[in-house]
Amino acid sequence: MKLKIRYFAWVRERVGVPEEDVEVPASVRTVGELAAWLATRGEEYAHAFENPKVIRAAIDRTHVRPDAALGSASEIAFFPPMTGG
Amino acid sequence: MTIPVTVRIQREPFDAAAEAKMLTRGRTDVGAVVTFTGICRGSEGSEPIAALTLEHYPGMAEAEIERHVAEATSRWPLLGVTVIHRYGRIAPGEDIVLAVTASSHREAAFAAAEFLMDFLKTRAPFWKQVEAAGAKSWVEAKAADDTAAERWNAPGRDAAE
């Protein structure tokens, strides 16, 4: 499954790119599993995803929890807790 | 009833007074307008800061704010809402965010403005980076902001969706 993955704030800085198209194995079914799989892709990723509890995610621009199914998602984003306003 | 709703994400400064005026111009049913402006402070604790840089998730930022504006208009009898959030580099003293709510009475306008700001802080995809003493660091989310946002959730309701 090919997915567009976007990163923001310090997750983006640690990974080193703002977005990428990634071929994700079919065994990866949820957002949490995707984060865990990404963490195995190299040191930068391991660093970005070292503390899964502080990583937030969105599927197609809507907030989701780690157990959310990827389903037919086209864009997944990972980012730290938000600090706007 | 359709009410005027404006949501903008922009780099440029905004004019809070002009935005508030837009919600009342040419009408006589509005009895209360609450205008909240969030401003960049010149210090964080005792540390002086040079500037803030705000990063956002284009597309999702607008969508998420629009969802909360829709929630606000379903909870309170509002007659107009404007939310503007800036991104990019913002110097101390400059405006960051604007929330304007109009209603026929003040209770709804105050409550809706506070509701919108509580959710902007915790759910709108923006991230602040502080420039101080030549170094940049990301602002950490505050537990107090989560608590402020959670008080609007009815018991048992899933805070994430």
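The rules behind these values
- Just so you know, the residues in each chain are numbered from 1, in the order the chain's sequence is written.
- By the order in which they are written, chains take letters starting at A while ligands take numbers starting at 1.
- Per-residue local features are limited, in this predicted model, to residues with pLDDT of at least 70; the limit for side-chain atom pairs, both in listing and counting, is 80 or more; totals at the level of whole chains, interfaces and linings are taken over all residues.
- Secondary structure counts use DSSP, requiring at least four H or I residues in a row for a helix and at least two E residues in a row for a strand, with both numbered from the N terminus.
- For this measure, only C-alpha atoms enter the radius of gyration; the expected value for a globule follows 2.2 Å times N^0.38, where N is the number of residues.
- Any residue with 12 or fewer other C-beta atoms within 10 Å of its own C-beta is exposed, any with 20 or more is buried, and the rest are partly exposed; the C-beta atoms used are placed from the backbone.
- Once C-beta atoms have been placed from the backbone, residue pairs whose C-beta atoms lie within 7 Å are recorded as contacts.
- Note: two strands are recorded as paired if DSSP finds a minimum of 2 bridges between them.
- In this analysis an axis means a line fitted to C-alpha atoms, helices contributing only their contacting stretch, and an angle means the value between N-to-C directions, from 0 to 180 degrees.
- Note on definitions: a nonpolar core is a set of buried residues drawn from Ala, Val, Leu, Ile, Met, Phe, Trp, Tyr and Cys, linked by C-beta atoms within 7 Å.
- Angles are sorted into four bins: roughly parallel if under 35 degrees, roughly antiparallel if over 145, roughly perpendicular if 65 to 115, and oblique for all others.
- Left-handed describes a crossing whose near helix is turned anticlockwise from the far helix through less than a right angle; right-handed describes the clockwise counterpart.
- Think of the arc as the fan of directions from the helix axis to the C-beta atoms.

**Q** What am I meant to see in the overall build of chain B here?
**A** The number of helices and strands found in chain B is four helices and 10 strands. Going residue by residue from the N terminus, the α and β elements of chain B occur as β-α-β-β-β-β-α-β-β-β-α-β-β-α. For 161 residues, the compact-globule estimate of 2.2 N^0.38 gives 15 Å, and chain B sits close to it at 16 Å. Principal-axis analysis of the C-alpha atoms gives chain B an extent of 50 × 40 × 30 Å. In chain B, which comprises 161 residues, the proportion classed as buried is 34%. Considering only residue pairs separated by 6 or more positions, chain B has 74% of its internal contacts joining residues 24 or more positions apart.

**Q** What is the right way to read the sheet that holds strand 1 (residues 5–10) of chain B from this model?
**A** Each strand in a sheet pairs with another by means of backbone hydrogen bonds, the pair being arranged parallel or else antiparallel. Residue and element names in this part refer to chain B. Spatial ordering of the open sheet is given by 1-6-8-2, a layout of four strands whose pairing is mixed. For this open sheet the edge positions go to strand 1 and strand 2 (32–39), each flanked by a neighbour on one side alone. Between one strand axis and the next, the sheet turns through 5° on average, direction left out of account. Sitting on the sheet, helix 1 (residues 16–24) is in contact with strand 2, strand 6 (78–86) and strand 8 (95–103), with an inclination near 20° to strand 8. Here helix 2 (residues 60–75) sits on the sheet in contact with strand 1 and strand 6, set at roughly 155° to strand 6.

**Q** Help me out: how do you make sense of the environment of Leu 3 of chain A in this one?
**A** All names here are of chain A. Inspection of the secondary structure assignment puts Leu 3 in strand 1 (residues 2–7). Separated by 70 residues in sequence, Leu 3 and Ala 73 place their C-alpha atoms 7.6 Å apart. Look past the residues within four positions of Leu 3 in its chain and what remains in contact with it is Val 22, Val 24, Ala 73 and Ile 76.

**Q** How do you make sense of the environment of Glu 55 of chain B when you look at a structure like this?
**A** Relative to the helices and strands, Glu 55 of chain B resides in strand 5 (residues 51–56). The spatial distance from the C-alpha of Glu 55 of chain B to the C-alpha of Tyr 87 of chain B is 6.0 Å, given a sequence separation of 32 residues. Once residues within four sequence positions are removed from consideration, Glu 55 of chain B is found in contact with Phe 8 and Ala 9 of chain A together with Tyr 87, Trp 127 and Gln 129 of chain B.

**Q** Would you take a moment to explain the nonpolar core for this structure?
**A** One recurring pattern in soluble globular proteins is that nonpolar side chains are buried together. In this structure, Val 11 of chain A together with Leu 116 of chain B are the most contacted members of the largest nonpolar core, which totals 57 residues. In terms of residues, this core owes the most to one element, helix 3 (residues 106–123) of chain B, which gives nine residues. When sequence neighbours within four positions are dropped, the list of residues in contact with Val 11 of chain A reads Ala 48, Ile 55, Phe 78, Phe 79 and Pro 80 of chain A.

**Q** So what exactly am I meant to see when it comes to the packing of helix 2 of chain B against helix 3 of chain B here?
**A** The geometry of a pair of packed helices is captured by two quantities: the angle between their axes and the separation between those axes. Residues and elements named next belong to chain B. As a packed pair, helix 2 and helix 3 sit with axes 10 Å apart at the nearest point and diverge in direction by 150°. Accordingly, the angle class assigned to the pair helix 2 and helix 3 is roughly antiparallel. Between helix 2 and helix 3 lies a crossing whose hand is right-handed. Residues Glu 64, Ile 65, His 68, Val 69 and Ala 72 of helix 2 touch helix 3, and the partners they reach there are Ala 112, Phe 115, Leu 116, Phe 119, Leu 120 and Arg 123.

**Q** Would you mind going over helix 1 of chain B with me for this structure?
**A** Given 3.6 residues per helical turn, the α-helix brings residues three or four places apart onto the same face. Residues and elements named next belong to chain B. Of all the positions in helix 1, only Glu 19, Ala 20 and Leu 23 are classed as buried. For helix 1, the angular spread of buried residues about the axis comes to 100°, placing them on one side. Exposed side chains of helix 1 directed beyond 90 degrees from the buried face belong to Ala 17 and Ala 18. Looking at the buried residues of helix 1, the elements they touch are strand 2, strand 6 and strand 8. Looking one or two residues beyond helix 1, the residue adopting positive phi is Gly 26, at roughly 75°.

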